[in-house]
Amino acid sequence: MYSLHLLYFCCIICFAFAFVNVLDTNVIPIHYNLLLYANMTSFETQGIVKIDVIVNNPAINVIRINSYKLGILGASLEGIKSTSIKINDEQQFIDIEFPSDTISPIKKLLKSKSVLEIIFQGKLSDDMLGFYRAQYKDKNTNTSEIIATTHMEPIYARRAFPCFDEPKLKATYSITLLSDPAYTHLSNMDVKESFMMENGLKVTKFNRSPKMSSYLVAFVVAKLEYIETNNFRVPVRVYTIPGHKEEGKYAATLAAETLKFFENVLKIRYPLPKLDNIAIPEFSAGAMENWGLITYRTSDLLLDKNSSTLKKIQRVTEVIQHEVAHQWFGNLVTMQEWGQLWLNEGFATWMSHFAMSKFYPFWNVEERSISETLRAAFSLDMLASSHPIEVNIDNESDIQQIFDAISYSKGSSLLKMISDKIGETAFITGISYYLKNNMYKTTNTSTLFKYLSFAANEDISYIREWTTKPGFPLISVVENKDNIILTQSKFLATTNTTISTNDILYPIPVQILTKDGERNITMKEQSMKIELNLERFIKINYNGSGFYVTKYSEERLNKLFSMINILSVSDQLSLLNDIYFLTVSGSLSTDKLINYLQYLKSSNSYLIWEMIYKIVISVKEVYKFDYHITNLLDKFVISMAAQKFYFLGWEISKDDSQDVKQLKIILFILLNNANDPIIEVVSKELYLNYKANITAKIPKAYITTLFEQCGKRGDIEDYEFLLKVYKDSDDLNIQQSALMSLGYFKESDLLHKTISMLLTDDVLKQDIHILMSGIRSSPEGTYQLWEWLKLNWVDILKRYPVGSSSLGSIVKLCTIGFVSQEQYSQIKYFFKDKSVITYSKLLDQSLEMIIIKSTWRDRDFMRLSNYLNNTNNIH
Ligand SMILES: [Zn+2]
């Protein structure tokens, strides 16, 4: 699944109830024969599932199977009717009891196949989970239409049909769909036969699937069109609602090329007879890798390549390659249990980056992984409320906690570290063995290390420390005349990091850049001495791929920054990561952090400027309620960047190289954010042109910023205009930018108007986080959002019930913007009598961030203020 938090774009998924237990394995499914009818007007569903099962324990005459909010009409085992069916929606299962004299029939069935049949009914929900309905407006007919579609990961298949809903309980599936004949039917597999029944219903039988986990089952009933490419061995299609298939061209071609690429790299054929990709109008995550039928949020699949920004193309590419990678990592070979989720998500993330770097070598994928993937992982893993990559899942409600930057970004960073250590060839060989030997099965982390060690020809299982321990190390460097001494300790944002003998030890592959080239060592002890003439020493963590932060002496840091321009962009980015996270933890003061940024002001790398922008935004977030400081910071940014931008000019010419284009874009964003008075005039004029429909000269990549600026300074007329853009635009990106911009209006009537939209159908449930992100960007919005949450908690729970996909994100977005102890206490107080178990980690992370920011703010307030006053006066 492509998580929205990585955008942070994936809503974390929350669960309905406090404790949902894992099924025992008394009864094992072998094959599902599922027949399902979807009534597209009443939204009712009816189904029969016949499951070939093997009974392991004959002494039990009760079969427990997952089911949630389904009406169970009857059940039988080998034709013997059940005596009772106990529905336990709280625990999400049903117990089907058979007469006690059937113990002996069951005994007879021991280890031989028998058929469990369950007749059930349900409802197409509107909560984007299980078998649900997604609404859209058909612009040709101006009618409201629905798509019936599925989202089963991690434990929602039980909402669509009774099933043994555990990843390790793999089975084959023969699916049959019935509906009104106006609708197209899709599922994981290709169509076996399709016909009309006498009652006028259309029936589609799909071929039997390979063995797979229940969370990968998918089916769709909808009015659709598609485009197809035959560039691959099997047909690859992109399905859309009517009128949009042309926007699927890029995706179809890319998906086919990516299948080809992964087949070649992994030396394993894609085993299904087709791959469909479908854009779903309402979708809780970014995308979902259902085998043979990948579902996507529309904006993550469709685009017009000629008019899209590079960021948009990169995003769609990454999501598609991530999902295609899952066809092997996750679908063909699956994690044994949810606590091993990183084997799916870490790999899909790493494989998508690997593919992108080969498909688009000029996209700087390696460098971006330092400023995006590593930074995202550090930002979460620095918290005491983080968790190890491998976790124990005691109850299934815990699963939601791990669809986060640890499983995705830290998982991927760890794989990169291993690949760098053993070499890419050995790494690819290792993962190919791992896949080949576990096809159609489930696996775990120790199995992975077994195959990697085999391919590397050395035992690298000691690296597993990284998956079982939370956090990451800080390496402190002490320099002597003829050697350097490295000491590791656990990096923590909440305290000043000091070296303690109780610290966790990580085996760290350390790459050192010297004047003679790179030196590679593996640091397994707390401290190690490396003989190295200081004259020859340059930098630790060569090229920045190591998962640690380095702390140098001030003298060395000054030296590194004074020669920053001779370091590679990767090394510059890694140094920026170092100084930023050292500042978070209090090891470096904010004035020094800001001062070091100045050394990069002549940089022509847009990646460096993007990183500067991220750092400035983070510091501004800490001083969000201190206008005096944010104004000084803005002046500082203008003094650093304006000259370069005006030299380049704001217009983007077709002759500009991609790097120059990206540089202009990030400087435009940075200076707008800093309220540069000159750029304000330019932006205003561009916005007025946009309003007057003179759009030819406006770079598409500027539009989000133009809307944002308009929101920050605009009046009611602008508000109405942007609201209209949001409601009427056909371009999803423009629509989303307009939606977010509504959150920037500060005038209290307008802010209230925006906030009152949150619980209405004016904002799709899948998009609530977009509007909230806009609102929470300002101090006023941060307060109002929190007030809104407190006042509307009951209504929020009605629309986003505990168990809906967005509740955790809502809680986090409404709380994380604060920076004071007082606010921390208020939030704690509000939630003290609430049942927080399904979003407790997100709430803990928010609370911890508030404390970190509050400590940071108080610690450096005076120093930063003095520094900025002095520096700005010099300029
Ligand atoms: Zn994924």
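Rules of the game
- Residues numbered from 1 in each chain as written.
- Predicted model: local features only at pLDDT ≥ 70, side-chain atom pairs only at ≥ 80, totals over all residues.
- Heavy atoms only, no water.
- Salt bridge = Lys/Arg side-chain N within 4 Å of Asp/Glu carboxyl O.
- Helix = DSSP H or I, 4+ residues; strand = E, 2+ residues; numbered from the N terminus.
- Buried < 20%, exposed > 50% of the residue type's maximum accessible area, 1.4 Å probe, protein only.
- Axes fitted to C-alpha atoms, helices over the stretch in contact; angles between N-to-C directions.
- Parallel < 35°, antiparallel > 145°, perpendicular 65-115°, else oblique.
- Left-handed = near helix turned anticlockwise from the far one by under 90°.
- Contact = heavy atoms within 4.5 Å.
- Nonpolar A, V, L, I, M, F, W, Y, C, P; charged D, E, K, R; others polar.
- Pairing = 2+ DSSP bridges.
- Donors = N, O, S within 2.8 Å, 3.2 Å for Na, K, Ca; no water.
- UniProt positions renumbered as here; feature names shortened; annotations may be inferred.
- Polar contact = N/O pair within 3.5 Å; in protein donor to acceptor, adjacent residues only side chain to side chain.
- Core = buried A, V, L, I, M, F, W, Y, C linked by side-chain atoms within 4.5 Å.
- Phe/Tyr/Trp six-rings, centres within 6.5 Å; stacked < 30°, edge-to-face > 60°.
- Lys NZ or Arg CZ within 6 Å of the ring centre and 35° of its normal.
- Patch = residues over 30% accessible without salt bridge, like charges linked within 9 Å, V, L, I, M, F, W, Y side chains within 5 Å.
- Areas by Shrake-Rupley, 256 points an atom, 1.4 Å probe, with all protein chains shown as cover.
- 1 Å grid on protein atoms, 1.4 Å probe; cavity = no way out; pocket = protein on both sides within 12 Å on 5 of 7 lines; lining within 4 Å.
- Points joined across faces, edges and corners; volume = space filled by probe spheres on them.

1. Regarding the pattern of salt bridges
So, step 1. Counting across every chain of the model gives 47 salt bridges.
So, step 2. In this structure, D516 and R536 form a salt bridge, with 2.7 Å as the shortest nitrogen-oxygen distance. Of the two residues, D516 sits in the loop between β25 (508-514) and β26 (517-523) while R536 sits in the loop between β27 (527-531) and β28 (537-540), which places them 20 residues apart along the sequence.
So, step 3. Here D516 falls in the exposed class, since its relative accessible area comes to 59%.
So, step 4. Residue D571 is joined to K539 by a salt bridge in which the shortest nitrogen-to-oxygen separation is 3.0 Å. Here D571, found in helix α12 (residues 569-585), pairs with K539, found in strand β28; they are 32 residues apart in sequence, far enough to count as distant. Comparing D571 with K539 shows no difference in burial state: the two are buried.
So, step 5. One connected set of salt bridges, linked through shared partners, spans E621, K624, R776 and K853.

2. Quick look at the packing of helix α20 (residues 732-742) against helix α22 (residues 768-775)
So, step 1. At a minimum axis separation of 6 Å, α20 and α22 run at an interaxial angle of 45°. One way to sum up the angle between α20 and α22 is to call them oblique. Of the two possible hands of crossing, α20 and α22 adopt the one that is right-handed. Packed against α20, whose contacting residues are Q736, L739, M740 and L742, the element α22 presents I770, L771, S773 and G774 at the interface.
So, step 2. For the contact of α20 with α22, the residue count by class is five nonpolar, three polar and no charged.

3. Let's talk about the sheet that holds strand β29 (residues 549-551)
So, step 1. One open sheet accounts for four strands, arranged β27-β24-β23-β29; its pairing is mixed. One side of each edge strand has no neighbouring strand; the edge strands of this open sheet are β27 and β29. Strand after strand, the sheet turns through a mean of 25° between neighbouring axes, direction not considered.
So, step 2. Pairing geometry for strand β23 (residues 473-479) and β29, over three bridges, is parallel.

4. Let's talk about the coordination of the zinc ion
So, step 1. M1 (N), M1 (O), H322 (NE2), H326 (NE2) and E345 (OE) make up the full set of protein donors to the zinc ion, lying at 2.0 to 2.4 Å.
So, step 2. Judged by its relative accessible area of 0%, E345 is buried.

5. So, the UniProt feature "binding site: Zn(2+)" (unreviewed entry) in the chain
So, step 1. Here the UniProt-annotated "binding site: Zn(2+)" (unreviewed entry) positions come out as H322, H326 and E345. Spatially, the listed residues are clustered: although they cover 24 residues, their C-alpha atoms lie within 8.6 Å of one another.
So, step 2. Mapped onto the elements, H326 comes out in helix α4 (residues 310-326).
So, step 3. Here H326 is in contact with M1, E289, N331, N344, E345 and A348, once residues within four sequence places are set aside.
So, step 4. Locating E345 in the fold gives a position in helix α5 (residues 342-359).
So, step 5. Excluding its chain neighbours within four sequence positions, the residues that come into contact with E345 are M1, E153, E289, H322, H326, F403, S407 and Y408.
So, step 6. At a separation of 2.9 Å, a polar atom in the side chain of E345 contacts the main-chain amide nitrogen of M1.

6. A look at the nonpolar core
So, step 1. Of all hydrophobic cores here, the largest spans 286 residues; its most connected members are L116, F161, F164, F219, W328 and I431.
So, step 2. Sequence-distant contacts of W328, that is, excluding residues within four places in its chain, are made with L259, F262, E263, L266, I268, R269, Y270, V333 and L435.

7. Re helix α13 (residues 590-597)
So, step 1. Of all eight residues that make up α13, six are buried, and the element is covered over most of its length.
So, step 2. The set of residues buried in α13 consists of T590, D591, L593, I594, Y596 and L597.

8. A look at the packing of aromatic side chains
So, step 1. Following the criterion strictly, the structure yields 51 aromatic pairs and no others.
So, step 2. When the ring of Y690 is compared with that of F707, the centres are 5.3 Å apart and the planes differ by 80°; the resulting orientation is edge-to-face. With Y690 in helix α17 (residues 677-691) and F707 in helix α18 (residues 703-713), the pair connects residues that are 17 residues apart, well separated along the chain.
So, step 3. Clustering of aromatic rings is evident, with ring pairs tying together F232, F261, F262, Y270, W328, W350, F354, F359 and F427.
So, step 4. Cation over ring: R237 sits above Y226, and NZ or CZ is 4.0 Å from the ring centre.

9. With respect to a nonpolar patch on the surface
So, step 1. Residues L35, I48, L73 and I119 make up a contiguous nonpolar surface patch of roughly 300 Å² in combined accessible area.
So, step 2. Within the fold, I119 resides in strand β8 (residues 113-123).

10. Observations concerning the packing of helix α6 (residues 365-381) against helix α7 (residues 406-422)
So, step 1. For the pair α6 and α7, interaxial distance at closest approach is 9 Å and the crossing angle is 125°. When the axis of α6 is compared with that of α7, the two are oblique. The interaxial crossing formed by α6 with α7 has left-handed handedness. The residues of α7 that touch α6, namely those facing E366, S369, T373, L374, A376, A377, L380 and D381, are I406, S409, K410, S412, S413 and K416.
So, step 2. The residue inventory of the contact of α6 with α7, partitioned by class, reads five nonpolar, five polar and four charged.

11. Structural notes on the layout of surface pockets
So, step 1. Taken as a whole, the second largest pocket holds about 430 Å³ of empty space.
So, step 2. Lining the second largest pocket are 22 residues, and of these S308, I652, K661, P699 and K700 lie nearest its centre.
So, step 3. Those elements giving two or more residues to the lining of the second largest pocket turn out to be α4 and α16 (658-673).
So, step 4. Looking at which element gives the most residues to the lining of the second largest pocket, the answer is α16, with four residues.
So, step 5. Grouping the constituent residues of the lining of the second largest pocket by class yields nine nonpolar, seven polar and six charged.

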